[in-house]
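Listed below are the residues making up each chain.
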Amino acid sequence: MLVSRGLVAWGSIALAGLVLAGCGTRVNRAPVEDRGTAAGAISSSPVPAVAAAKPLPGAENAGKAGYYTVKPGDTLIRIGLEHGQTWKDIARWNGLDNANLIEVGQVLRVAPPGAPASASSAVAADTGVVTRPVTASALPPAPAASAAKPGASATSPAAAAPAATPPAAAGNEDDMPFIWPSSGPLLAGFDEARNKGYDIGGKAGDPVLAAADGRVVYAGAGLRGYGNLVILKHNNTYLTAYAHNQTLLVKEDQNVKRGQKIAEMGSTDTDRVKLHFEIRRQGKPVDPVRYLPSR
């Protein structure tokens with residue numbers, strides 16, 4: 001009996017050992033290699049490349065004479081005024097399909113193709129400019145939203161056809177016979193840093209006169225700070241601007257004569273009734289006292 005019990009016990013131990021051995025064998029066959037292969041596949045996956053930023057139109061001309069790099073807040077009207085050009089000409093020279101949209105960092109031609117650029121047109125590129133924000137050029141739709149009272153006129157840039165620059169006046173272009181655009185009192189004189197022209201007082205509805213013969217190159221309310229605005233181009237040298245009007249009486253591309261009533265005085269985009277009048281020589285504001293007759 002003792003022998004039999006010993007044999008049974010020994011057999012049980014041996015059987016348990018075989019079971020454990022079998023379990024150990026199955027653990028050793030776990031798919032370690034498969035896990036290693038998967039990990040290797042992940043570590044060898046290529047990292048997606050970052051797409052290079054697309055250059056903005058005209059970037060190759062940045063800093064060249066006759067070109068301008070668009071800054072935040074710019075509009076095509078303001079760029080034209082600052083360079084003595086019409087917004088239509090700038091749109092045409094640059095092949096802009098939508099003159100109401102320009103991008104910060106975009107480089108625009110601001111001098112006629114083939115013409116020698118003036119020193120004032122040589123604008124260095126702004127390398128710190130953010131290149132993606134989009135700036136609407138603020139050219140007013142037709143009709144201009146809350147612009148003038150009935151009788152005012154504003155032309156849509158998308159619909160208007162480009163117009164040729166008016167011929168230069170006979171003789172020296174600097175000999176432009178300007179007259180006062182209003183008979184009201186002078187409220188503020190010229191200050192290149194703070195006031196780029198004259199502020200002339202009056203009452204709402206007073207006539208605003210063309211200071212010289214010319215062509216209307218802008219009539220609308222698309223330039224911030226100027227309200228209802230008329231810009232006349234007199235020759236290849238001079239522009240004049242008439243701001244804050246109550247009513248505009250002319251339309252773009254219309255030829256006007258010196259002394260012709262082109263608007264009525266008002267207070268759009270300002271705190272009182274007045275006419276803000278500017279004379280610009282090749283886009284640069286100049287003191288009207290040098291050009292207007294004595295009163």
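Sequence order as written defines residue numbering, which begins from 1 separately in each chain. Side-chain atom pairs in this predicted model are given and counted only at pLDDT of 80 or more, local residue features only at pLDDT of at least 70, and totals for whole chains, interfaces and linings cover all residues. By convention in this description, side-chain values take in all heavy atoms of the structure and omit both hydrogens and water.

**Some remarks on the overall build of the protein chain**
Part 1 of the reasoning: Helix numbers and strand numbers start at the N terminus; a helix is a DSSP run of H or I with at least 4 residues, a strand a run of E with at least 2. Along the backbone of the protein chain there are four helices and 15 strands.
Part 2 of the reasoning: Only protein chains enter the accessibility calculation, which uses a 1.4 Å probe; a residue whose area is less than 20% of its type maximum is buried, one above 50% is exposed, and one in between is partly exposed. Out of the 295 residues belonging to the protein chain, those deemed buried represent 41%.
Part 3 of the reasoning: Contacts are assigned to residue pairs with any non-hydrogen atoms lying within 4.5 Å of each other. In the protein chain, the share of contacts with a sequence separation of at least 24, taken over all contacts with a separation of at least 6, comes to 70%.
Part 4 of the reasoning: To be clear on the numbers: accessible area is Shrake-Rupley with a 1.4 Å probe, and residue cover counts the displayed protein chains and nothing else. If you sum the accessible surface of the protein chain, you get close to 15,700 Å²; carbon and sulfur atoms cover 59% of it.

**Section: the sheet that holds strand β13 (residues 261-264)**
Part 1 of the reasoning: Taking strand neighbours across the sheet as the criterion, the three strands line up as β7-β13-β11 in an open arrangement whose pairing is antiparallel. With partners counted over all chains shown, the strands left at the sheet margins are β7 (207-209) and β11 (247-248), one partner each.
Part 2 of the reasoning: The sheet contact formed by β11 and β13 spans two bridges and is antiparallel. When the sheet's bridge partners are listed, T247 is paired in β13 with E264. Paired strands, as defined in this entry, are two strands with at least two bridges between them according to DSSP.

**Observations regarding the pairing of strand β9 (residues 228-233)**
Part 1 of the reasoning: The buried count for β9 comes to six of six residues, which makes it a mostly enclosed element.
Part 2 of the reasoning: Here β9 shows two buried faces, one formed by N228, V230 and L232 and the other by L229, I231 and K233.
Part 3 of the reasoning: Strand direction decides the pairing type here: strand β8 (residues 214-220) and β9, joined by five bridges, are antiparallel. The partner of Y218 across the bridge, within β9, is I231.
Part 4 of the reasoning: Sheet topology note: the β9/strand β10 (residues 238-245) ladder contains five bridges and is antiparallel. Across the sheet, K233 pairs through a bridge with L239, a residue of β10.
Part 5 of the reasoning: Hairpin connection, β9 to β10: the antiparallel pair is bridged by four residues.

**Description of the nonpolar core**
Part 1 of the reasoning: Residues belong to a common nonpolar core when they are buried Ala, Val, Leu, Ile, Met, Phe, Trp, Tyr or Cys residues joined through side-chain atoms within 4.5 Å. Formed by 27 residues in total, the largest nonpolar core has its most connected members in F178, V230, L232, Y242 and I262.
Part 2 of the reasoning: Looking at this core, the elements that each hand over two or more residues are β6 (198-201), β8, β9, β10, β13 and β14 (274-281).
Part 3 of the reasoning: At three residues, the largest contribution of residues to this core is made by β14.
Part 4 of the reasoning: Once you skip the residues sitting within four places of it in the chain, L232 turns out to touch A210, A212, R215, V216, V217, Y238, L239, T240, Y242, V256 and I262.

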